[in-house]
Amino acid sequence: NLAYALSSQGASVGIFDADVYGPSLPTMIKPDNDDVVFVGRQIAPLQRNGVKLMSFGYVNEGSAIMRGPMVTQLLDQFLSLTYWGSLDYLILDMPPGTGDIQLTLSQRVNITAAVVVTTPQELSFVDVERGIEMFDAVNVPCVAVVENMAYLDLDENKDEDDAEEKAQKEEEEVIRLQNEIKMRQAFEYSLQEKGIPTTSIDSITNDLMKIVQTSSTEDAVRATNADEKKKDKKNQQLRIFGNGHRKRLSEQWGIDQTYQVPLLQKISRNGDSGTPFILDYPSSPQAGIYRDLASNVIREVAKIQYFQESARPTVSFNKETKLLDVDTGAVGSTFGRDKEDGNIGRVRGTLIPRRLRLDCKCAACVEELSGRQILKPSDVSEMIRPLKMGPTGNYALSVDWSDGHRSLYPFRQIRALMVEEEEERKRRAEANPVGGKTSV
């Protein structure tokens, strides 16, 4: 529904179903044509109403039964072999949790932003926290949270009920008029049988009809009041699973863009039938929720793309000085929101390669459970240098070292290291002022 809301605003959109263990896209969206077409050595995605679709379920019936490394390899194949063409937005539908699939995609793809999907139960808030923390660790900002099944809309079938009620009232009015005609005829016939003069029959019949109509009107008023009470009750929103997490998301994470989608039979039915809800009911209030979400995604992605380049650290090796030239980036503007480590300012300077190599936190260099340093300074040469460097996703720098080791440094680790080096330089400068004397 988010994808089709984006598409309705003129964007070119694709959906990649990353849940290879239980692909749901083939059930939720039936493509216009399910024939697999190759473009050179790549697979052309299927389409439905202009939105491009790819899922493991489209090319292989059933779910994948395989271990983590095989899933990672499969995802790589799908990402590299699918010919998406030109897209404004590619939506990755990830499975629940924070496992191999999520981390692999964060490393392989420059994910711009995340929308966390949850339900209002207290238990689900734990998963929301984990999801936000995982994306925060890989430098992917969460721009919105969607609460599915937020409430039961007791007036779900309002439009159908109104149409049925109108038709029923019209039918009842026809029957009432027919009954009045029959009743008038019966009164007139009865009065004639009793010998009432013809000149008086019309007047007496009119009086009798007024009495009957007054009684009918009172009954109708009572029925209308009862119907209004029923309508007031139906217009309520029943929050079966609680009030949701909107306040805590705002207070703890600064995420104010939360969207509550009601528990509706229509949404469920469309999800099972292969046609997105927003295509069948574009004018419904619920479709408006999806469009509001799409508008927010467009705004937030534009902000992120504006700040992203200036926020990402750059590291290069200077062959003349044998030092690393580092620019930590404009951290304060990272993704347009402040973070605990986001107020340290921009630092430009140099770093000795050996210092960065010793700061490697991989399992071969640091014991994962205890945090004990495994890598000894004496094991790292003073002449060590990087052979290859490049970003991994949006969150880390990958370095291949001349000693054969490969390290992965989150950008925040590089920033913290540079701040530490900068503070150390300042302390040394203060301890040894220019022209001053030093005592030992």
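Above this text you will find the structure in question.
Everything in this summary refers to the structure shown in the same document. If you're wondering where the values come from, they're calculated on a predicted model, not measured in any experiment.

A word on the side chain of Ser 55
Then, number 1: Within the secondary structure, Ser 55 sits in strand β5 (residues 51–55).
Then, number 2: Only 3.1 Å separates the side chain of Ser 55 from the side chain of Asp 17, close enough to count as a polar contact.
Then, number 3: Reaching out from Ser 55, the side chain makes a polar contact with the backbone nitrogen of Gly 57 at a distance of 3.1 Å.
Then, number 4: Apart from the residues within four sequence positions on either side, Ser 55 is in contact with Asp 17, Pro 23, Leu 25, Pro 26 and Phe 78.

Details of the packing of aromatic side chains
Then, number 1: Summed over all chains, the structure comprises three aromatic pairs.
Then, number 2: Aromatic pair Phe 56 and Phe 78: ring centres 6.2 Å apart, planes at 70 degrees, arrangement edge-to-face. With Phe 56 in helix α3 (residues 56–59) and Phe 78 in helix α4 (residues 68–81), the pair connects residues that are 22 residues apart, well separated along the chain. Each member of the pair, Phe 56 as well as Phe 78, carries the same accessibility label: buried.

Some remarks on the sheet that holds strand β6 (residues 89–93)
Then, number 1: Strand order in the open sheet formed by four strands is β4-β5-β1-β6, with mixed pairing between adjacent strands. Either end of the sheet is taken by a strand with one partner, and the two such strands are β4 (46–48) and β6. Each strand of the sheet is rotated relative to its neighbour by a mean of 25 degrees, with strand direction disregarded.
Then, number 2: Inspection of the sheet shows β4 paired to β5 by three bridges, in the antiparallel sense. Following the sheet pairing, Arg 48 is matched in β5 by Val 51.

Quick notes on helix α10 (residues 265–273)
Then, number 1: Residues of α10 that are buried include every one of Lys 266, Ile 267, Asn 270 and Gly 271, and no others. Buried residues along α10 cover an arc of 135 degrees about the axis, so they all sit on one side. Away from its buried face by more than 90 degrees, α10 exposes Gln 265 and Asp 272.
Then, number 2: Trailing α10 by a residue or two, Gly 274 shows a phi angle of about 95 degrees, which is positive.

Concerning the pairing of strand β12 (residues 314–318)
Then, number 1: By the bridge criterion, five bridges tie β12 to strand β13 (residues 323–327) in an arrangement that is antiparallel. Within β13, the position partnered with Thr 314 by the bridge is Asp 327.
Then, number 2: The hairpin turn running from β12 into β13, its antiparallel successor, is four residues long, and Lys 322 in that turn takes a positive phi close to 65 degrees.

As for the pattern of salt bridges
Then, number 1: Counted under the stated rule, the structure contains 16 salt bridges.
Then, number 2: Here Asp 32 makes a salt bridge to Arg 48, at a shortest N to O gap of 3.9 Å. Note that Asp 32 is positioned in the loop between α2 (25–28) and β2 (37–39) and Arg 48 in strand β4, a separation of 16 residues in sequence.
Then, number 3: When the shortest N-O distance is used, the salt bridge between Asp 359 and Lys 361 registers 3.7 Å.
Then, number 4: Looking at Asp 359, the relative accessible area reads 13%, which means it is buried.
Then, number 5: Ionic contacts of the salt-bridge type, sharing partners, join the residues Arg 355, Asp 359, Lys 361, Glu 420 and Glu 421 into one network.

Section: the nonpolar core
Nonpolar side chains tend to gather and get buried jointly when the protein is soluble and globular.
Then, number 1: Ile 15, Ile 29, Leu 53, Tyr 290 and Leu 293 are the most contacted members of the largest nonpolar core, which has 32 residues in total.
Then, number 2: Counting residues per element, the ones that place at least two in this core are α1 (2–8), β1 (13–17), β5, β8 (142–147), α11 (277–280) and α12 (285–311).
Then, number 3: Tallying contributions element by element places α12 first for this core, with eight residues.
Then, number 4: In contact with Ile 15, other than residues within four places in its own chain, are Ala 3, Leu 25, Ile 29, Val 51, Lys 52, Leu 53, Met 54, Trp 84, Leu 90 and Ile 91.

What to know about the packing of helix α6 (residues 122–137) against helix α9 (residues 246–253)
Then, number 1: Remark: α6 packs on α9, axes separated minimally by 12 Å, with the N-to-C direction vectors making an angle of 30 degrees. Comparing their axes, α9 and α6 come out roughly parallel. In the packing of α6 onto α9, the handedness of the crossing is right-handed. Touching Glu 122, Phe 125, Val 128, Glu 129, Ile 132 and Glu 133 of α6 are Arg 248, Leu 249, Gln 252 and Trp 253, all from α9.
Then, number 2: By residue class, the composition of the contact of α6 with α9 is five nonpolar, one polar and four charged.

Rules and cut-offs
- Residues numbered from 1 in each chain as written.
- Predicted model: local features only at pLDDT ≥ 70, side-chain atom pairs only at ≥ 80, totals over all residues.
- Heavy atoms only, no water.
- Helix = DSSP H or I, 4+ residues; strand = E, 2+ residues; numbered from the N terminus.
- Polar contact = N/O pair within 3.5 Å; in protein donor to acceptor, adjacent residues only side chain to side chain.
- Contact = heavy atoms within 4.5 Å.
- Phe/Tyr/Trp six-rings, centres within 6.5 Å; stacked < 30°, edge-to-face > 60°.
- Buried < 20%, exposed > 50% of the residue type's maximum accessible area, 1.4 Å probe, protein only.
- Pairing = 2+ DSSP bridges.
- Axes fitted to C-alpha atoms, helices over the stretch in contact; angles between N-to-C directions.
- Arc of directions from axis to C-beta.
- Salt bridge = Lys/Arg side-chain N within 4 Å of Asp/Glu carboxyl O.
- Core = buried A, V, L, I, M, F, W, Y, C linked by side-chain atoms within 4.5 Å.
- Parallel < 35°, antiparallel > 145°, perpendicular 65-115°, else oblique.
- Left-handed = near helix turned anticlockwise from the far one by under 90°.
- Nonpolar A, V, L, I, M, F, W, Y, C, P; charged D, E, K, R; others polar.

So yeah, pure geometry; function would need other evidence.
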